Amino acid sequence: MRILLIIVGLLIAAPSMAHQLKSSVTTVLFNKRTNNIELMHRFYLHDTEHAVAHLFKGKIDIISNKIDQQRFAKYVESHVALQTLNGEPLPLNFVGAQVDGKFFWVYQEAPIPVKIAGIKMSNGALRDLWPSQVNMVNVEGQGKIKTLNFTQDDTWLEARFEQQ
């Protein structure tokens, strides 16, 4: 009977714990077809709505107001940076932003430098609002997928590529 009560208690508590972790996922794709590094940042729409309430004054509608979407995208842009392993900045260009189901996406790109051996990346989006925010980055298109996890005090992490 005691085990049954524990199971029922966990089932009741589960929905309240469903999305406690603040997190985002970014894909950094080295697209050899376009010769661009393409960044695709995916945020939970729920987190995005809470963030814009803290970041911007007034009535904000991230779901249907394109201006508010652009404002959040600019915020993300200001918190993400790429460099070569030598520390040379790779300027990112804004491509777009959109709401897609339960996610908010921000897209950026930069030309792929010649003979790049790896990248350094900074991804502080939402980490200034929520110190527990985790930003996971998957680097694809340069050999094996590399994963960077920005947590706690991480500012710059690097992914080194295998020589091809």
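- The name given to the protein in an unreviewed UniProt entry is Orphan protein, with the source organism recorded as Pseudoalteromonas translucida.

1. Remarks on the packing of aromatic side chains
1) Next: Considering all chains together, one arrives at 6 aromatic pairs under this definition.
2) Next: Residues Phe-43 and Phe-72 carry aromatic rings whose centres are separated by 5.5 Å and whose planes lie at 85° to one another, so their mutual orientation is edge-to-face. Placement of the pair is Phe-43 in strand S2 (residues 36-44) and Phe-72 in helix H3 (residues 66-77), with a sequence separation of 29 residues.
3) Next: Judged by its relative accessible area of 2%, Phe-43 is buried.
4) Next: In this structure an aromatic cluster arises from ring pairing among Phe-43, Phe-72, Tyr-75 and Phe-104.
5) Next: In this arrangement the basic side chain of Lys-22 is found over the ring face of Trp-130, its NZ or CZ atom lying 4.5 Å from the centre.
6) Next: Geometry around Phe-103 places Arg-42 over its ring, the cationic atom sitting 4.2 Å from the centre.

2. Focus on the nonpolar core
1) Next: Counting residues in hydrophobic clusters, the biggest one holds 35 residues, and the most contacted among them are Val-28, Phe-30, Phe-72, Ile-119, Met-121 and Val-139.
2) Next: Top element by residues in this core is H3. It accounts for 4 residues.
3) Next: Leave out the neighbours within four places in its chain, and Val-28 touches Ile-37, Glu-38, Leu-39, Ile-119, Met-121, Val-137, Asn-138, Val-139 and Glu-140.

3. Observations concerning the pairing of strand S3 (residues 80-84)
1) Next: Counting buried positions over the 5 residues of S3 gives 4, a clear majority of the element.
2) Next: Of the pairings in the sheet, the one linking S3 to strand S6 (residues 118-123) comprises 5 bridges and is antiparallel in character. Bridge pairing links Thr-84 to Ile-119 in S6.

4. Focus: the environment of Leu-157
1) Next: Structurally, Leu-157 can be placed in strand S9 (residues 157-160).
2) Next: Once residues lying within four places of it in the same chain are set aside, the contact partners of Leu-157 are Ile-119, Lys-120, Met-121, Leu-148, Asn-149 and Phe-150.

Procedures and definitions
- Residues numbered from 1 in each chain as written.
- Predicted model: local features only at pLDDT ≥ 70, side-chain atom pairs only at ≥ 80, totals over all residues.
- Heavy atoms only, no water.
- Phe/Tyr/Trp six-rings, centres within 6.5 Å; stacked < 30°, edge-to-face > 60°.
- Helix = DSSP H or I, 4+ residues; strand = E, 2+ residues; numbered from the N terminus.
- Buried < 20%, exposed > 50% of the residue type's maximum accessible area, 1.4 Å probe, protein only.
- Lys NZ or Arg CZ within 6 Å of the ring centre and 35° of its normal.
- Core = buried A, V, L, I, M, F, W, Y, C linked by side-chain atoms within 4.5 Å.
- Contact = heavy atoms within 4.5 Å.
- Pairing = 2+ DSSP bridges.

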